[in-house]
Amino acid sequence: MGMEGIGARVARKEDKRFLTGKGRYTDDMVVPGMKFAAFVRSPHAHAKINGIDIEAARAMPGVIDVLEGRQLQADGIGNLICGWMIHSKDGTPMKMGAWRPLAIDIVRYVGDAVAIVVADSAGEARDAAEAVVVDYEELPAVTSAVAALQPGAPQIHPEAPGNLIFDWQIGDPAATDAAIAQAAHVTEIEILNNRLSPNPMEPRATLGIYDAAEDHFTCYTTSQNPHVARLVMSAFYNVAPENKLRVIAPDVGGGFGSKIYIYPEEIVCLWASKKTGVPVKWTSDRTEAFLTDAHGRDHVSKVKMAFDKDHRIIGLKVDTIANLGAYMSLFSSAVPTYLYATLLSGQYDIPAIHANVRTVYTTTVPVDAYRGAGRPEATYLLERTMEVAARELGLSPAELRRKNFIRSFPHQTPVIMNYDAGDYDASLNAALAAADWDGFAARRAEAESRGMKRGIGMSCYIEACGIAPSQAVGSLGAGVGLWESAEVRVNAVGTIEVLTGSHSHGQGHETTFAQLIADRLGVPIASVNIVHGDTDKVQMGMGTYGSRSGAVGMSAIVKALDKVEMKAKKIAAHLMEADESDIVIENGDVKVAGTDKSLPWFQVALAAYTAHNLPSGMEPGLKETAFYDPSNFTFPAGCYIAEVEIDPETGKTEIVQFVAADDFGNIINPLIVEGQVHGGLAQGIGQALLEEVRYDEQNGQLLTASYMDYAMPRADDLPSFTLSHQNTPCPGNPLGIKGCGEAGAIGSPPALINAITDAIGINHLHMPATPLKVWSALQDGQMRQAAE
Amino acid sequence: MYATSYHRASSVDEAVNLRSSHDEGRYLSGGMTLIATMKQRLAAPSDLIDLRHIAALKGITVDGHTVRIGGATPHADVASSAAVRAVCPAICELAAMIGDPHVRHMGTIGGSIANNDPAADYPAAMLALAATIITDRREIPAEEFFTGLFETALEEGELVTAVSFEAPEKAGYAKFRNPASRYAITGVFVAKAAGGVRVAVTGAGSNGVFRAETIEAALAADWSPESPKAASIDPADLMSDMHASAEYRANLVRVMAKRAVIAAG
Ligand SMILES: Cc1cc2nc3c(=O)[nH]c(=O)nc-3n(C[C@H](O)[C@H](O)[C@H](O)COP(=O)(O)OP(=O)(O)OC[C@H]3O[C@@H](n4cnc5c(N)ncnc54)[C@H](O)[C@@H]3O)c2cc1C
């Protein structure tokens, strides 16, 4: 592998910049004449706008202009859209209500934008925003998806009667019902997947710059996929044609999905820049982030899992209601459908599956993909059900899982996915050994002697990364293809720029992508620069989410590298008068195999650019582009084990150990992979123990709008993690890699809840398992015991 | 934040005068509550009168068993005071449990008790230690000082200059943290002194910090960690919110009292 090649634990190149405060984020961008925006936002969850009076605000000090939705509409700026078409099982298309960048007649969640103020300073813009008088007529709110489906619930969009967006299904209902009818045992459970707020460290920000001389727009924004932002803003929102719109996503401080989508603020700031003639910057504060960043999860599901007499799963039936909030965000429809229900087979050979999913409007902020996006919901549902089933059947959790593991590949599930490779026993065994599962009984007894309740739980997750084969997702309703592009530019002195359509916002691409080049060409990673995040530099790309940058983004780089290598070899063969097929590239030298003939890499590069002596007919230069479209998803899988101790007096859970055994295929940089797993586990543990977005059910106010009430995991909430890696290389891509960005968040919640319910001896407990909930469950248990 | 004028006072008199000449002014101590509230535009004082540069408001003196802590003394100084630790370690432990290191180095005892957040830690100590709150104009027994949620006996413009108390024979504090804010969902301070046992509870009472007389009686009869267990605490007097129901808080009052007694030794 070399010191810096594939598999090396190289410290991140980008960390110097980040750790010394030298990162350049959107809010750091300063351009001449720049002014500041504040948004007037709805204080109500649902209200009719009878009028907007901007006169007082306009007269405030420093105010340049106050603009509202009607003007935006008159200028032809379009509504926000959801880019993945889902059809209901009756064949009708999903019922998308209008999401105006600035609301005109109705507001539908607390935080819905109504007007923009542009002023000399951010403070003056805020002062003036408070002076905008909006005449609201309050309408009833509804915050839970189940309540929104009830007859008589407040109607949120005229386009979606009864607030139902679509009623979709996957799998075989008849075969599944038949399996349940003939089952020896059926486990039934209700699963809630709590609603989460993404909380990236950097809040969203945007800077819109209109250049009247060129009739050209530049948008700096906190985006995970600047090219998609440009495409959507150009094709659907009519901001400007693509050649007149440059989108730059500089350093971005975390996204977790929430920065995939185009939000109203980008569009409105670009438009406002043209209207006012000044560059317009907006930076979200933390309260705005809680109110307006797309949330994640929020599912309610009913599950039936059928077993035969040998404890083999013969059918799985799932009925899910998913809350999509007030408007359909960019990928919101795909998350509870193709990113969720297609993973319901888990690691198990299940002959019949049927899932029905209803998505629902509520008067809450839109819900879209958040780290894991659908797969955490599927994994939580399945692994909680498996645990309860094992308890009901009197089997150990490992035994029940082993009885049902898929062991031959490729494996076609009944829900679209075709698993290409995996070894689920390997991860399970590694985790059991690392956790000393067999020694648990003694540890529990010791804990009991101290008055503590100890429990252990596991989760065997599978997920799908490397999204995705374009043709396949197109046939399922995606509005875009999900390939990736790369350009490898060798400079005349042999240093290299890699232009990629992937976008790094914490993933470490500047290091891992350079390691790939180092591995192939033997050049130091210091001589490789990764260029991303600017639509003027990188021709096209689909961005970073769904753990796709390795499996898809790096595969595109491999393809471009293949072409660069081929050309370099031709040049070297010509210069050294050897046969092209004898040329090898090793440790930064281009050699004729089996001889002492050799040229340093830079000389080959130089020869390509001097073009004094190239093979006849060859174009000068050394630069190649490639697009890579994956042939399948990749399927990372693994086994997580959590061991907890609960203080019965307070209900507080302490995680005494957490073991993660993951199969990510080949690994480029173990240090970065471990970091990704640690971060994912922190988020999964946050979901399981701490985090929950709560709205007031009566008036739709967000109750958890700050860190005073929204509990983020802190270092002392987390144990020291025990990690290991198993490896079945992915057969579908050239590097054999699967993706590691989301596994931690996907696999950990059920392991924890299984451990906690084991400790307190009950089957049902909903996330987050706060001290209050666990203590209350213990009291209920005691009362039940006393009654019996 | 709305525009405001900043004044740096160098004496108590100057601060009080500045404050009395600005109706909409506020004292600024550590700013850990006030600045955050201003940034959220929930408070809009016309003038801020900074107390942190007044030497007379800072510092700790321990004279025999009498402890005096200046109003503008940050929590970190209390937490690390060897002199206080020698006579009343419980209050050092309490100060060390407030917020995070940033908060402990900025936030002050005067600001904390003047603010009287129902989930703040110091009010429990003040009440259980029968402390005296010393202001620019009078001395107020803790018993009379904390009057409700975010409410105190302080008059308009009255400035907390110090607190003082007699170190008890034994004292202990136990706090159950709110998972999000890490303020007290319930914090119990127990003190055993010549005058008897005093137990004060923060974070739980629907009217702010209060004395738990049932636990006091139980501990007076038998100073043992098991004594609070049977004490009755009426959930009707306690707060209920998304983090903790009143019943849960009632349980926590007993459990934290037990742990405070263990901590007191
Ligand atoms: C992240 C965070 C976590 C925290 N966690 C905890 C915790 O766990 N437990 C806890 O108890 N507290 C906690 N706090 C509160 C903190 O410890 C401070 O005690 C509190 O903010 C008030 O003290 P201050 O000195 O910052 O006062 P300021 O914010 O400056 O002032 C608060 C109020 O008191 C008034 N005031 C200030 N000084 C005086 C005075 N001498 N006389 C009269 N009036 C005065 C001010 O005018 C203002 O109205 C936390 C704060 C933060 C930001």
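The structure presented is a predicted model; accordingly, all values stated were derived computationally and were not measured.

### Here we look at the overall build of chain B
Phase 1: Each helix and strand in chain B was counted, giving 11 helices and 14 strands.
Phase 2: Its C-alpha atoms give chain B principal-axis dimensions of roughly 55 × 45 × 30 Å.
Phase 3: Taking all 265 residues of chain B together, the buried fraction comes to 56%.
Phase 4: The long-range share in chain B, meaning contacts at least 24 apart out of those at least 6 apart in sequence, stands at 57%.

### Examining the domain arrangement of chain A
Residue and element names in this part refer to chain A.
Phase 1: Here the domain parsing of chain A yields domain 1 (31-138 + 203-254 + 259-276), domain 2 (299-467 + 632-787) and domain 3 (483-628).
Phase 2: Using only C-alpha atoms to locate each centre, domain 2 and domain 3 end up separated by 40 Å.
Phase 3: Counting from both sides, the interface comprises 19 residues of domain 2 and, opposite them, 18 residues of domain 3.
Phase 4: With both sides pooled, the region where domain 2 packs onto domain 3 buries about 1,300 Å², and carbon together with sulfur makes up 64% of that total.
Phase 5: Joining domain 2 to domain 3, the criterion identifies zero salt bridges.
Phase 6: Our count for the contact surface shared by domain 2 and domain 3 stands at eight residue pairs in polar contact (both at pLDDT 80 or more).
Phase 7: Residue composition of the side of domain 2 that touches domain 3, grouped by class: eight nonpolar, eight polar and three charged.

### Examining the sheet that holds strand S20 (residues 496-500) of chain A
All names here are of chain A.
Phase 1: Across the sheet, which stays open at both edges, the four strands sit in the order S21-S20-S19-S25 with mixed pairing between neighbours. Either end of the sheet is taken by a strand with one partner, and the two such strands are strand S21 (528-531) and strand S25 (623-628). The mean inter-strand angle of the sheet, taken between neighbouring strand axes irrespective of direction, is 15°.
Phase 2: Where S20 meets S21, four bridges bridge the pair, whose relative direction is parallel.

### What about the packing of aromatic side chains?
Phase 1: Tallying each qualifying case throughout the model produces 23 aromatic pairs over all chains.
Phase 2: Relative to A:Phe721, the ring of A:Phe658 lies with its centre 6.1 Å away and its plane at 85°, an arrangement referred to as edge-to-face. Of this pair, A:Phe658 sits in strand S27 (residues 652-663) while A:Phe721 is found in strand S28 (residues 721-726), placing the two residues 63 residues apart along the sequence. Neither residue differs from the other here; A:Phe658 and A:Phe721 are each classed as buried.
Phase 3: Measuring from centroid to centroid gives 5.1 Å for A:Trp775 and B:Tyr248, while their planes differ by 50°, and the two rings are tilted. Within this pair, whereas A:Trp775 is found in helix H20 (residues 771-787), its partner B:Tyr248 is found in helix H11 (residues 246-264), the two belonging to separate chains. Exposure class is identical for A:Trp775 and B:Tyr248. Each is buried.
Phase 4: Through pairs of rings, three or more aromatic residues link up here, namely A:Tyr348, A:Phe405, A:Phe409 and A:Tyr424.

### What about the domain arrangement of chain B?
All names here are of chain B.
Phase 1: Domain assignment breaks chain B into domain 1 (5-50), domain 2 (57-166) and domain 3 (170-264).
Phase 2: For domain 1 and domain 2, the distance between their C-alpha centres works out to 19 Å.
Phase 3: Across the contact, 10 residues belong to domain 1 and 17 residues belong to domain 2.
Phase 4: Carbon and sulfur atoms make up 66% of the surface buried where domain 1 meets domain 2, a total of about 850 Å² over both sides.
Phase 5: In this assembly, domain 1 and domain 2 are joined by one salt bridge.
Phase 6: Where Glu156 meets Arg19, a salt bridge forms, and the shortest distance between an N and an O atom there is 2.8 Å.
Phase 7: Summed over the shared surface of domain 1 and domain 2, the number is three residue pairs in polar contact (both at pLDDT 80 or more).

### Brief notes about the pattern of salt bridges
Phase 1: Summed over the entire model, instances satisfying the criterion amount to 67 salt bridges over all chains.
Phase 2: Close ionic contact of A:Asp127 with B:Arg41 constitutes a salt bridge, the shortest N to O distance being 2.7 Å. Here A:Asp127 is found in helix H4 (residues 122-131), whereas its partner B:Arg41 is found in the loop between helix H2 (34-39) and strand S3 (47-50) on a different chain.
Phase 3: For A:Asp127, a relative accessible area of 25% puts it in the partly exposed group.
Phase 4: Of the charged contacts in the structure, one is a salt bridge between A:Asp349 and A:Arg312, with a shortest N-O distance of 3.9 Å. Taken as a pair, A:Asp349 in the loop between strand S14 (313-325) and strand S15 (353-361) and A:Arg312 in the loop between strand S13 (299-307) and S14 lie far apart in primary sequence, 37 residues in all.

### Notes on the site of the ligand
All names here are of chain B.
Phase 1: Among the 28 residues in the neighbourhood of the ligand, the closest are listed as Tyr27, Gly30, Gly31, Thr33 and Thr108.
Phase 2: A distance of 2.8 Å separates an oxygen atom of the ligand from a polar backbone atom of Ser29.
Phase 3: Within the contact set of the ligand, an oxygen atom lies 3.5 Å away from a backbone nitrogen or oxygen of Ser112.
Phase 4: Against a free-state accessible area of 960 Å², the protein chains account for coverage of 89% of the ligand.
Phase 5: Among the elements of the structure, strand S2 (25-28) and helix H7 (109-115) are those that each provide at least two residues to the shell around the ligand.
Phase 6: Residue contributions to the shell around the ligand peak at four residues, all from H7.

### A look at the side chain of A:His411
Residues and elements named next belong to chain A.
Phase 1: Position of His411 relative to the elements: it lies in strand S16 (residues 411-412).
Phase 2: When its relative accessible area of 12% is taken as the criterion, His411 is described as buried.
Phase 3: If sequence neighbours within four positions are ignored, His411 has contacts with Asp349, Ile406, Met417, Asn418 and Tyr419.

### Comments concerning the packing of helix H10 (residues 375-393) of chain A against helix H11 (residues 397-404) of chain A
Residues and elements named next belong to chain A.
Phase 1: The contact between H10 and H11 brings their axes to 9 Å, and the two run at 110°. Considering the angle they form, H10 stands roughly perpendicular to H11. Here H10 and H11 pass one another in a crossing that is right-handed. Counting all contacts with H10, which are made through Glu383, Met386, Glu387, Ala389, Ala390 and Leu393, the residues of H11 involved are Pro397, Leu400, Arg401 and Asn404.
Phase 2: Each residue belonging to the contact of H10 with H11 can be placed in one class, and the counts come to six nonpolar, one polar and three charged.

### Things to note about the state of the cysteines
All names here are of chain A.
Phase 1: Applying the stated criterion across every chain, the model contains zero disulfides over all chains.
Phase 2: The thiol sulfur of Cys740 is not disulfide-bonded, and the nearest other cysteine sulfur, from Cys465, lies at 8.2 Å.
Phase 3: The buried category is assigned to Cys740, whose relative accessible area is 14%.

### Some remarks on the interface of chain A and chain B
Phase 1: Facing 24 residues of chain A, the contacting portion of chain B comprises 22 residues.
Phase 2: For chain A, the biggest contributors to the area lost against chain B are A:Glu649, A:Leu772 and A:Trp775; these three give 29% of the whole.
Phase 3: Taken together, chain A and chain B are joined by seven salt bridges.
Phase 4: The residue B:Arg259 makes a salt bridge to A:Glu649 at a minimum N-O spacing of 2.6 Å.
Phase 5: At the surface where chain A touches chain B, the tally comes to 14 residue pairs in polar contact (both at pLDDT 80 or more).
Phase 6: Looking at the side of chain A that touches chain B, the element that brings in the most residues is H4(A), giving four residues.

### Notes on the sheet that holds strand S2 (residues 47-53) of chain A
Note: strands within a sheet are paired through backbone hydrogen bonds, in either parallel or antiparallel orientation.
Residues and elements named next belong to chain A.
Phase 1: Taken together, the three strands give an open sheet; going across it, the order is S4-S2-S6, and neighbouring strands pair in antiparallel fashion. Each of the sheet's edge strands pairs with one partner strand only, and the pair in question is strand S4 (106-107) and strand S6 (133-138).
Phase 2: Sheet analysis places S2 next to S4, joined by two bridges and oriented antiparallel. Directly across from Lys48, in S4, lies its bridge partner Ile106.

### Comments concerning unusual backbone geometry
Only a minority of non-glycine residues have a phi that is not negative, and only a minority of peptide bonds are not trans.
Phase 1: Put simply, A:Phe409 and A:Pro410 share a cis peptide bond, and its omega is -5°.
Phase 2: Relative to the helices and strands, A:Pro410 is located in the loop between H11 and S16.
Phase 3: Omega for the peptide link from A:Met767 to A:Pro768 comes to -10°, which places this bond in the cis form.
Phase 4: In this structure, A:Pro768 sits in the loop between helix H19 (743-760) and H20.
Phase 5: With phi around 55°, B:Phe150 is a residue other than glycine that occupies positive phi space.
Phase 6: Mapped onto the elements, B:Phe150 comes out in the loop between strand S8 (146-148) and strand S9 (151-152).
Phase 7: A residue is classified by how much of its surface remains accessible, and B:Phe150, at 48% relative accessible area, is partly exposed.

Conventions and cut-offs
- Residues numbered from 1 in each chain as written.
- Chains lettered and ligands numbered in written order.
- Predicted model: local features only at pLDDT ≥ 70, side-chain atom pairs only at ≥ 80, totals over all residues.
- Heavy atoms only, no water.
- Helix = DSSP H or I, 4+ residues; strand = E, 2+ residues; numbered from the N terminus.
- Buried < 20%, exposed > 50% of the residue type's maximum accessible area, 1.4 Å probe, protein only.
- Contact = heavy atoms within 4.5 Å.
- Domains from an automatic or database assignment.
- Buried area = accessible area lost by both parts, 1.4 Å probe.
- Salt bridge = Lys/Arg side-chain N within 4 Å of Asp/Glu carboxyl O.
- Polar contact = N/O pair within 3.5 Å; in protein donor to acceptor, adjacent residues only side chain to side chain.
- Nonpolar A, V, L, I, M, F, W, Y, C, P; charged D, E, K, R; others polar.
- Pairing = 2+ DSSP bridges.
- Axes fitted to C-alpha atoms, helices over the stretch in contact; angles between N-to-C directions.
- Phe/Tyr/Trp six-rings, centres within 6.5 Å; stacked < 30°, edge-to-face > 60°.
- Near = heavy atom within 4 Å.
- Areas by Shrake-Rupley, 256 points an atom, 1.4 Å probe, with all protein chains shown as cover.
- Parallel < 35°, antiparallel > 145°, perpendicular 65-115°, else oblique.
- Left-handed = near helix turned anticlockwise from the far one by under 90°.
- Disulfide = S-S within 2.5 Å.

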